[in-house]
Amino acid sequence: MKIAIVAAMKEELLPFEEHFSQGNVIFSKGPIRILEVHENLILVQSGIGKANAAAASAWLCDKIHPDLIINTGTTGSFNPELGLADVIVSTKFAYSDVDATGFDYSWGQVPQMPADYPVDVKLQQKVLTLLREQVQNFSVHSGFIATSDSFMSSVDAVANIRAKLPDITASDMEAAPIAQVASFYDIPVLNIRGISDHVGGDAPGTFEETLEKASQNAFEAVWILVENFL
């Protein structure tokens, strides 16, 4: 199985790069870096946001065509009861900031695209079973991580998203476009992220304090899967 691991930021990808002595850069453009560290393992720094994530995914899917993409890094939790640096495995991919409801689309649905991109149930259960059996230093949760081009520090924006998407567990800025592009190629995608903050006014400061630990825990979770899947 050929696996591609995608993270937006250098800090989020760093634990993976440190695990290997070196990687061969096979593509670099703007914030995007794609490295081959093993014949069956690709590391991708996508850059932050939906446009960068879509661009990186398009190149990855078209040129590399991995068997599985794992999006990882950090996420802001909508559930204040989830612990900082715990890990969330997303159940589906969708946007929280797309509004074409005037044309009878669902909130978050890009016109002419599916309302969401669910993770295969059997794959989801396999992932959760592996992680909950082997993770020791943090908790593993599952839930819906939605994608937005905004960092969730606005109290009003958070309240609006809660009203529109009552099943939301957390927020990121890259996963849904990765899943959208990968769906064109029939490539499955997982989203496994460490909680860096709880959404709201305190989120930016908490993010800075928790980024390293959340990224490390996400790495540990993803690496368990890589060792079992490769």
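The structure displayed is predicted, hence computed values, not measured ones.

Parameters and conventions
Residues numbered from 1 in each chain as written. Predicted model: local features only at pLDDT ≥ 70, side-chain atom pairs only at ≥ 80, totals over all residues. Heavy atoms only, no water. UniProt positions renumbered as here; feature names shortened; annotations may be inferred. Helix = DSSP H or I, 4+ residues; strand = E, 2+ residues; numbered from the N terminus. 1 Å grid on protein atoms, 1.4 Å probe; cavity = no way out; pocket = protein on both sides within 12 Å on 5 of 7 lines; lining within 4 Å. Points joined across faces, edges and corners; volume = space filled by probe spheres on them. Nonpolar A, V, L, I, M, F, W, Y, C, P; charged D, E, K, R; others polar. Contact = heavy atoms within 4.5 Å. Buried < 20%, exposed > 50% of the residue type's maximum accessible area, 1.4 Å probe, protein only. Pairing = 2+ DSSP bridges.

## Some words on the UniProt feature "domain: Nucleoside phosphorylase" (unreviewed entry) in the protein
Here is step 1: Sites flagged by UniProt as "domain: Nucleoside phosphorylase" (unreviewed entry) map to residues 2-226.
Here is step 2: Summarising residues 2-226: 37% helix, 28% strand, and an end-to-end C-alpha distance of 10 Å.

## A look at the layout of surface pockets
Gaps left between atoms show up when a probe the size of a water molecule is rolled over them.
Here is step 1: Taken as a whole, the largest pocket spans an internal volume of roughly 240 Å³.
Here is step 2: Forming the boundary of the largest pocket are 19 residues, of which E12, T74, F151, M173 and F207 lie nearest the centre.
Here is step 3: Here the residues of the lining of the largest pocket are counted per class, giving eight nonpolar, six polar and five charged.
Here is step 4: In this structure, the second largest pocket occupies an estimated 150 Å³ of space.
Here is step 5: Tallied by class, residues from the lining of the second largest pocket come to ten nonpolar, one polar and one charged.

## Overview of the side chain of T169
Here is step 1: Along the chain, the position of T169 falls in strand β10 (residues 168-172).
Here is step 2: Setting aside anything within four residues of it in sequence, one finds T169 in contact with G76, S77, F78, N79, L82, I88, G143 and F144.

## Points about empty space enclosed by the protein
Here is step 1: For the structure shown, the criterion picks out one cavity of 30 Å³ or more.
Here is step 2: Put simply, the largest cavity is a space of about 30 Å³.
Here is step 3: A94, Y95, G108, Q109, V110, M113, P114, A115, Y117 and Q180 together form the lining of the largest cavity.
Here is step 4: In terms of residue class, the lining of the largest cavity is built from seven nonpolar, three polar and no charged.

## Description of the pairing of strand β11 (residues 189-198)
Here is step 1: The buried fraction of β11 is high, at nine of ten residues.
Here is step 2: In terms of strand pairing, strand β5 (residues 68-77) meets β11 through nine bridges, oriented parallel. Bridge pairing in β11 places I69 opposite V189.
Here is step 3: Across three bridges, the pairing between strand β6 (residues 87-90) and β11 is antiparallel. Counterpart to V87 in the pairing with β11 is G194.

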